[in-house]
Amino acid sequence: MSQGPRSGLAAVSSALLAMSRHLEVRDVLKTIVASARELLDAQYAALGVPDDHGGFAQFVVDGVSDAQWKAIGPLPRQHGILAAMLREARPERLADVRKDPRFEGWPSAHPDMSDFLGLPIRDGDEVIGALFLANKNCPKPEGSCGFTEEDEELLSILAQHAAIALTNARLYERSRELTIAEERSRLAHELHDAVSQKLFSLRLTAQAAAALIDRDPARAKGELHQVAALAAEAADELRAAVVELRPAALDEDGLIAPLRTQIQVLDRAHTARVTFASNGFRALPAAQEEALLRVAQEALHNALRHSGAEHVDVTVDRRGSGAVLRVSDDGSGFDPQSVRRAGRHLGLVSIRDRASGVGGTLAVESAPGKGTTIEMEVPGG
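A quick note: this is a predicted structure, and the numbers were derived from the prediction, not measured. For every chain, the first residue of the written sequence is number 1, and numbering continues from 1 along that sequence. It should be noted that, the model being predicted, local features are given only for residues of pLDDT at least 70 and side-chain atom pairs only at 80 or more, the latter also being counted only at that level, while totals for whole chains, interfaces and linings use all residues. Only hydrogens and water are set aside; all other atoms, that is, all heavy atoms of the structure, feed into the side-chain values.

## Comments concerning the nonpolar core
Rule in force here: The term nonpolar core refers to a set of buried residues drawn from Ala, Val, Leu, Ile, Met, Phe, Trp, Tyr and Cys, joined through side-chain atoms within 4.5 Å. Exposure classes here rest on a 1.4 Å probe applied to the protein chains alone. A residue is buried below 20% of its type maximum, exposed above 50%, and partly exposed in between. Numbered from the N terminus, helices here are DSSP runs of H or I no shorter than four residues, and strands are runs of E no shorter than two.
Grouped together as the largest cluster of nonpolar side chains are 36 residues, with contacts concentrated most on Val312, Val316, Leu325, Leu362 and Met376. Breaking this core down by element, the ones donating at least two residues are helix H8 (256-269), strand E6 (273-279), helix H9 (286-306), strand E7 (311-319), strand E8 (322-329), helix H11 (346-357), strand E9 (361-366) and strand E10 (372-378). In terms of residues, this core owes the most to one element, H9, which gives nine residues. Residues Val28, Leu29, Leu131 and Leu155 belong to the second largest nonpolar core, which totals 28 residues.

Put into structure tokens, the structure is as follows:
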């Protein structure tokens, strides 16, 4: 007797821990389905996330091979038992789903199913999914369901936690989408402020050279030299923008190479001196390296565009099993406390969120007229 509850609790605990490890919606759905099937010892399990058009935005199965799934065909519509669970938001436990009056059949390649247990996944009053299992692996007396009331209670607990995990994953993905939009907006501003101005100056200088070429060739030559210089500066700005748009390079080159390249480009493109150094850095998980890169980019953007700095120094060093990023400038600085109280400086909010999102910490040291230092530390993987 004492072994059963302990082993059951361990299984539930393992399932809940597995769900909490993932942030991608698809991974969360797969983990929920696999955990439910294993926990209740069923042959098949599935989870559908409804869309607004009578179908499913996502539908994940466990216990069905890839070949079987491909042969089954398109995703199911919201009909029969599935529709009832989504509409009425109540559990369904059936001895034989095929004999239920709401059963509407399934495709020829669909595996045969009999006993059935299904529950809605709810977030408050909203049904955000339907979780169901079929064919309990146990002896079933004629006309009875292999799934028990205890199974239903256990699946209900799992469904409640599944709702939390799925909601968190959706929020994470939405946060990522907003971050990407934020970064593209920032990049657009940078291009407008820097490249567009240089191109406008280039056009005016070229027009001046064209006007002078016949009556004052020497001056025209000087203007053409200026055109070449402006074109080179514009190219550097564009190159810097392209570097920012390519975080995928982290997968191939790690953090240091793309960051060093970007800083070299920024050093050429701006009047401020921008330097980079690294000591003992070891590769970290991709999420942490991308967070370090994005924080460095935001800090560099602020230093070069807004602080009036003459020198900006960037270092990435090993610290324990993790790493620390440090971006220092000798610009105008600001009062971090007054900025925080006023609710301004969204860039600081963004980089704090990035740091905390990968288990790191962020420190900002600044004062009016004293420059700014931003330090971010992340743990090892």
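## Some points on the pairing of E8
Formally: Here, a strand pair is defined by DSSP locating no fewer than two bridges between the strands.
Most of E8 is tucked away: seven of the eight residues are buried. In this sheet, E8 lies alongside E7 in antiparallel orientation, the contact comprising eight bridges. Looking at E8, one finds that aspartate 317 is bridged to valine 324. Turn length for the E7-E8 hairpin, with the two strands adjacent in sequence and antiparallel, is two residues, and the turn residue glycine 320 shows positive phi of about 65°.

## Let's talk about the pairing of E10
Counting buried residues along E10, five of its seven residues qualify, which places the element largely inside the surrounding structure. Relative to E10, E8 is paired through seven bridges, and the arrangement is antiparallel. Residue pairing in the sheet places leucine 325 in a bridge with methionine 376 of E10. Bridge count between E9 and E10: six bridges; the pairing is antiparallel. Residue leucine 362 lies in a different strand from E10, and its bridge partner there is methionine 376. The hairpin formed by E9 and E10 contains five residues between the paired strands, and glycine 369 there has a positive phi angle of roughly 80°.

## Focus on the environment of glutamine 160
Of note, glutamine 160 is situated in helix H5 (residues 149-212). Glutamine 160 gets classed as exposed once you look at its relative accessible area, which sits at 51%. C-alpha of glutamine 160 to C-alpha of aspartate 123: the two residues are 37 residues apart in sequence and 8.3 Å apart in space.

## Observations concerning the layout of surface pockets
What counts, and what does not: Each cavity reported here is a set of points on a 1 Å grid over the protein atoms alone in which a 1.4 Å probe fits but cannot get out, each pocket an open set with protein on both sides within 12 Å along at least five of seven lines, and each lining residue one with an atom within 4 Å of a point. Grid points are joined across faces, edges and corners, and a volume is the space filled by probe spheres set on the points. Amino acid classes used here: Ala, Val, Leu, Ile, Met, Phe, Trp, Tyr, Cys and Pro are nonpolar; Asp, Glu, Lys and Arg are charged; the rest, including Gly, are polar.
Counted as a void, the second largest pocket has a volume near 560 Å³. If you go around the second largest pocket, you meet 29 residues; those closest to its centre are Pro76, Leu82, Trp106, His110 and Phe132. Every element with two or more residues in the lining of the second largest pocket is listed here: strand E1 (42-50), strand E2 (56-62), helix H3 (66-72), helix H4 (80-88) and strand E5 (126-136). When grouped by side-chain class, the residues that make up the lining of the second largest pocket number 23 nonpolar, four polar and two charged.

## Here we look at the side chain of serine 307
Inclusion rule: Here a polar contact means two N or O atoms within 3.5 Å. Within protein one must be a hydrogen donor candidate and the other an acceptor candidate, and residues neighboring in sequence count only if both atoms are side-chain atoms. Throughout, a contact is declared for two residues whenever any of their heavy atoms are within 4.5 Å.
In this structure, serine 307 sits in the loop between H9 and E7. There is a polar contact of 3.2 Å between the side chain of serine 307 and the backbone nitrogen of alanine 309. Among residues more than four places away in sequence, those in contact with serine 307 are Asn302, Asp329, Gly331 and Ser332.

## What about the sheet that holds strand E3 (residues 92-94)?
We count it as follows: An axis is simply a line fitted to the C-alpha atoms; with a helix, the fit covers only the stretch in contact. Between two such axes, the angle follows the N-to-C directions and lies from 0 to 180 degrees.
Pairing within the open sheet is antiparallel, and its five strands lie in the order E2-E1-E5-E4-E3. On the outer flanks of this sheet lie E2 and E3, each paired with one strand and no other. Shown here is a sheet whose adjacent strand axes are inclined to one another by a mean of 15°, direction ignored. Where E1 and E2 come together, six bridges link them in antiparallel fashion. Bridge pairing in E2 links valine 49 to glutamine 58. Against the sheet, helix H2 (residues 25-40) makes contact with E1, E2, strand E4 (116-123) and E5, and its axis sits at roughly 40° relative to E2, the strand it touches most.

## Quick look at the environment of asparagine 302
Tracing the sequence through the fold places asparagine 302 in helix H9. On the accessibility criterion, asparagine 302 (19% relative accessible area) is buried.

## A few points about unusual backbone geometry
Peptide bonds are mostly trans, and most non-glycine residues show a negative phi. The backbone of aspartate 41 shows a phi angle near 55°, a positive value even though the residue is not glycine. Relative to the helices and strands, aspartate 41 is located in the loop between H2 and E1. For asparagine 135, which is not a glycine, the phi torsion comes out positive at approximately 60°.

## A closer look at the sheet that holds E7
One open sheet holds the five strands; their spatial order is E6-E7-E8-E10-E9, and the pairing between them is mixed. Edge positions in the open sheet fall to E6 and E9, since each of these has one partner strand only. Ignoring strand direction, the axes of neighbouring strands in this sheet form an average angle of 10°. Where E6 meets E7, seven bridges bridge the pair, whose relative direction is parallel. Residue pairing for E7: serine 278 is matched across the bridge by valine 316. H8 contacts E6 and E7 of the sheet and is inclined by roughly 160° relative to E6.

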